[in-house]
Amino acid sequence: MNLSLYLLTVLIWGTTWIALKWQLGTVAIPVSIVYRFALAGLILFAFLLLTRRLQPMNRRGHLVCLAQGFCLFCVNFLCFLTASQWVASGLIAVVFSTATLWNAINARLFFGQKIAANVLGGGALGLLGLGLLFWPELSHHAASRETLYGLGLGLLGTLCFSAGNMLSSVQQKAGLRPMTTNAWGMLYGASMLALYCVLSGIPFTMEWNTRYVGALLYLVIPGSVIAFTAYLTLVGRMGPERAAYCTVLFPLVALNVSAVAEGYQWTAPALLGLVAVMAGNVLVFRKPKARTEVVALAR
C-alpha cells in the first residue's frame, strides 16, 4: 500500500509541470491556483458527502485545517511561483527537495521523533544528485540580489510545505483522515489566496479553451484530489521525513518526461546525479537493524 501511494504521488506530481506550463497565458498564476484548489476542495466535499465519509471536526480541527490551508495550499505556492521569476527551475527543485531534511528536523522538534541517520544521509545524497542533474542550469545562473530573494522565497515555501506536513500529522494523530482535512484545507487556502488576489487587484479571468481547461482539470483531480490525499496519507503511515523524499524524485520524473516530449539530452553528470538520487531513495527507506540485534552483537 505504501509503495503504491508513493509511486502514485511521484508519478503525478512529477508530470504536473506540463499542466502548469500549459496554464501560462492570460490567466494570472495565483488565480489559476485559486481555481485549482477551490475546485479540488469542492470535488472532495462532494465525494465525501456522497459516500458518507466526511468526518465531523471541532473548533480545534478547523483551526488546524485553516493553518494547513494557509501553509500548504496558499503561501507555499505563492512563494515558489514568485521565486520562479528570478531563480532557475533547477535551483528551485534543489531548494524544495530539502523538505526531507526539514521534515526530519520538524518531526524531532514537534513530535520528539528520533532523527534517523539513514534519512539524513539519504536526503543529503538526494540533494547532491539533484545538484548534478541540474548542474548545467545552475552553473550558468548569475548571482544577484534577485537570486538571493528568490532563494529566500523558495526556502520559505519549503518551510511552509513542511509545516503543512506537520499539521496533517497532528490531524491524523487526532483520528482525522487526509481526505476530510484536505477538503477543508483546500477551500480555506483557496479563499485566502482569492482574498490576496482581490486586495492585489489581480483580475479573475478565464481561458475557455481545451488546453487551459484540460490542464486545470489535470491539476485539480490527479494533481490535487488524488496526489495530495496519497501524499498526506503517506505522511501519516510512513512519517513526514520519509514521505518527503518524493520531492527529490519529482524532478527526476519531470526530466524523463522532458526527454521524451522535449528532447532533453542526458549528460554524464546528470546520469551520475540519477544514480545518487536513487541511492538516496534506497538509503531513506532502509529499515534500521533491530535494537536487540545490535545488543546481541555487542555481547
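Conventions and cut-offs
- Residues numbered from 1 in each chain as written.
- Predicted model: local features only at pLDDT ≥ 70, side-chain atom pairs only at ≥ 80, totals over all residues.
- Heavy atoms only, no water.
- Helix = DSSP H or I, 4+ residues; strand = E, 2+ residues; numbered from the N terminus.
- Rg over C-alpha atoms; globule rule 2.2 N^0.38 Å.
- Buried < 20%, exposed > 50% of the residue type's maximum accessible area, 1.4 Å probe, protein only.
- Contact = heavy atoms within 4.5 Å.
- Phe/Tyr/Trp six-rings, centres within 6.5 Å; stacked < 30°, edge-to-face > 60°.
- Bend = angle between axes of the 7 residues up to and from the residue.
- Salt bridge = Lys/Arg side-chain N within 4 Å of Asp/Glu carboxyl O.
- Patch = residues over 30% accessible without salt bridge, like charges linked within 9 Å, V, L, I, M, F, W, Y side chains within 5 Å.
- Areas by Shrake-Rupley, 256 points an atom, 1.4 Å probe, with all protein chains shown as cover.
- 1 Å grid on protein atoms, 1.4 Å probe; cavity = no way out; pocket = protein on both sides within 12 Å on 5 of 7 lines; lining within 4 Å.
- Points joined across faces, edges and corners; volume = space filled by probe spheres on them.
- Nonpolar A, V, L, I, M, F, W, Y, C, P; charged D, E, K, R; others polar.
- Axes fitted to C-alpha atoms, helices over the stretch in contact; angles between N-to-C directions.
- Parallel < 35°, antiparallel > 145°, perpendicular 65-115°, else oblique.
- Left-handed = near helix turned anticlockwise from the far one by under 90°.
- pLDDT = per-residue confidence, 0-100.
- Core = buried A, V, L, I, M, F, W, Y, C linked by side-chain atoms within 4.5 Å.

A.B. asks: I'd like a rundown of the overall build of the protein, residues and numbers included.
C.D. replies: The secondary structure content of the protein amounts to 15 helices and zero strands. In terms of C-alpha radius of gyration, the protein reaches 20 Å, essentially the compact-globule figure of 19 Å for 299 residues. Along the three orthogonal principal directions, the C-alpha set of the protein runs to about 70 × 50 × 35 Å. When each of the 299 residues of the protein is scored for burial, the buried share is 49%. Of the contacts formed within the protein by residues at least 6 apart in sequence, a portion of 88% connects residues at least 24 apart.

A.B. asks: Let's hear about the packing of aromatic side chains: which residues, and what values?
C.D. replies: A complete count under the given rule lists twelve aromatic pairs for this structure. When the ring of Phe45 is compared with that of Trp184, the centres are 4.9 Å apart and the planes differ by 90 degrees; the resulting orientation is edge-to-face. You can see Phe45 sitting in helix H3 (residues 29–50) and its partner Trp184 sitting in helix H10 (residues 178–200), a full 139 residues away along the chain. For Phe45, a relative accessible area of 13% gives the class buried. A relative accessible area of 25% means that Trp184 is categorised as partly exposed. Ring geometry for Phe96 and Phe161: centres 4.9 Å apart, planes at 70 degrees, overall edge-to-face.

A.B. asks: So what's going on with helix H11 (residues 210–238)? Residues and values would help.
C.D. replies: Helix geometry: H11 is bent most strongly at Ala227, by close to 35 degrees. After H11 finishes, the residue Gly239 shows a positive phi value of roughly 100 degrees.

A.B. asks: Go over the pattern of salt bridges with me, naming the residues and quoting the values.
C.D. replies: Counted by the stated rule, this structure contains one salt bridge. Across the pair Arg242 and Glu241 runs a salt bridge whose closest N-O atoms are separated by 3.6 Å. Here Arg242 falls in the buried class, since its relative accessible area comes to 17%.

A.B. asks: An account of the side chain of Ser168 is needed here, citing residue identities and associated values.
C.D. replies: In this fold, Ser168 is placed in helix H9 (residues 145–173). Beyond its immediate sequence surroundings of up to four residues, Ser168 is in contact with Gln68 and Leu232.

A.B. asks: Requested: an account of a nonpolar patch on the surface, with residues and values cited.
C.D. replies: On the surface, a nonpolar cluster with roughly 550 Å² of combined accessible area is contributed by Leu8, Leu39, Leu42, Ile43, Leu217, Ile221 and Ile226. Going through the elements one at a time, H3 and H11 are the ones with two or more residues in the nonpolar patch.

A.B. asks: Kindly report on empty space enclosed by the protein, identifying the contributing residues and their values.
C.D. replies: Any empty space left between atoms is shown by rolling a water-sized probe over those atoms. Tallying each qualifying case throughout the model produces one cavity of 30 Å³ or more. Within this model, the largest cavity holds a volume of roughly 40 Å³. Along the walls of the largest cavity sit Ala104, Ala107, Arg108, Gln113, Lys114, Ile115, Ala116 and Glu241, which together make up its complete lining. Of all the elements, helix H6 (residues 99–111) adds the most residues to the lining of the largest cavity, at three residues. Split by residue class, the lining of the largest cavity holds four nonpolar, one polar and three charged.

A.B. asks: How would you explain unusual backbone geometry if you had to name every residue and give the values?
C.D. replies: With a phi angle near 60 degrees, Arg52 is a residue other than glycine that sits in the positive phi range. Residue position: Arg52 is located in the loop between H3 and helix H4 (59–83). Classification of Arg52 as exposed rests on a relative accessible area of 79%.

A.B. asks: Can you tell me about the packing of H3 against H11, naming the residues and giving the values?
C.D. replies: As a packed pair, H3 and H11 sit with axes 9 Å apart at the nearest point and diverge in direction by 55 degrees. Comparing the axis directions of H3 and H11 gives the class oblique. Taken as a pair, H3 and H11 cross one another with a handedness that is right-handed. Touching Ser32, Tyr35, Arg36, Phe37, Leu39, Ala40, Ile43 and Leu44 of H3 are Tyr212, Leu216, Leu219, Val220, Ile221, Gly223, Ser224, Val225, Phe228 and Thr229, all from H11. Here the contact of H3 with H11 is built from residues that sort into 13 nonpolar, four polar and one charged.

A.B. asks: Give a description of the confidence of the model for the protein that names residues and reports values.
C.D. replies: A residue-level look at the protein finds 91% of positions with pLDDT of 70 or above and a mean pLDDT of 85. When pLDDT is averaged over each helix and strand of the protein, the minimum, 39, is found for helix H15 (residues 291–298) and the maximum, 96, for H10. Every residue in residues 291–299 is under pLDDT 50, and counting partners more than four places away or in other chains gives zero contacts.

A.B. asks: Give me the lowdown on the nonpolar core, citing residues and values where you can.
C.D. replies: In this structure, Phe37, Leu133, Phe228, Tyr231 and Val277 are the most contacted members of the largest nonpolar core, which totals 73 residues. By residue number, the principal contributor to this core is H11, which donates twelve residues. Not counting chain neighbours up to four residues away, the residues in contact with Val277 comprise Gly126, Gly129, Leu130, Leu133, Tyr245, Val248, Leu249 and Leu252.

A.B. asks: Which residues make up the packing of H3 against H10, and what values do they have?
C.D. replies: For the pair H3 and H10, interaxial distance at closest approach is 8 Å and the crossing angle is 150 degrees. Considered as vectors, H3 and H10 are oriented roughly antiparallel to each other. The two elements H3 and H10 meet at a crossing, and its hand is left-handed. In terms of residue class, the contact of H3 with H10 is built from 21 nonpolar, three polar and no charged.

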